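Fold and contact review
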Amino acid sequence: MRYLFRNLATEVRTVPASSHLMSERENTAERLVVIGRGRLLAEESAAEFATRGARTRTHATVRTPDVARIAAVLTAEDAEALAVTGTSPDRIGELAS
């Protein structure tokens, strides 16, 4: 797929692709147009998008069958356990695992 996308890019083509893997988009796209719920969310380079997202996200929704355990782990990290603020989504995932 990477080869195909790069090849089409040399022909100055736009290729719609859907992915939640930013690392994959950085390897296959120079610029991203991100659309969510019918609205334009971003139009920028893959690197700019990944950097902006890492800087600005400060909350996440956490669902788990063991609320008490994740609350204890996140509270130890100085995050508010119910709202899960004060730490990044990536860190929440690390702690949850």
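Above this text sits the structure in question.
Being a predicted model, the structure only gives us computed values, none of them experimental.

Digging into the overall build of the chain
Looking only at helices and strands, the chain features five helices and two strands. Scanning the chain from its N terminus toward the C terminus, one meets helices and strands in the order α-α-β-β-α-α-α. Residues counted as buried form 23% of the 97 residues belonging to the chain. Sequence separation of 24 or more characterises 24% of the internal contacts of the chain that already satisfy a separation of 6 or more. For the chain, the accessible surface area stands at approximately 7700 Å², while carbon and sulfur atoms represent 52% of it.

Quick notes on unusual backbone geometry
Backbone geometry places Arg 37, a non-glycine residue, at a positive phi of 55°. Along the chain, the position of Arg 37 falls in the loop between β1 (31-36) and β2 (39-45).

Comments concerning the nonpolar core
With seven residues, the main nonpolar core is built from Ala 60, Ile 70, Leu 74, Ala 79, Val 84, Ile 92 and Leu 95. Contributing elements (two or more residues each) for this core: α4 (67-76) and α5 (89-96). For Ala 79, the contacting residues outside a window of four places in its chain are Leu 74, Thr 85 and Thr 87. Counting residues in hydrophobic clusters, the runner-up holds six residues, among them Leu 32, Val 34, Ala 42 and Phe 49.

Reading the values: the criteria
- Residues numbered from 1 in each chain as written.
- Predicted model: local features only at pLDDT ≥ 70, side-chain atom pairs only at ≥ 80, totals over all residues.
- Heavy atoms only, no water.
- Helix = DSSP H or I, 4+ residues; strand = E, 2+ residues; numbered from the N terminus.
- Buried < 20%, exposed > 50% of the residue type's maximum accessible area, 1.4 Å probe, protein only.
- Contact = heavy atoms within 4.5 Å.
- Areas by Shrake-Rupley, 256 points an atom, 1.4 Å probe, with all protein chains shown as cover.
- Core = buried A, V, L, I, M, F, W, Y, C linked by side-chain atoms within 4.5 Å.

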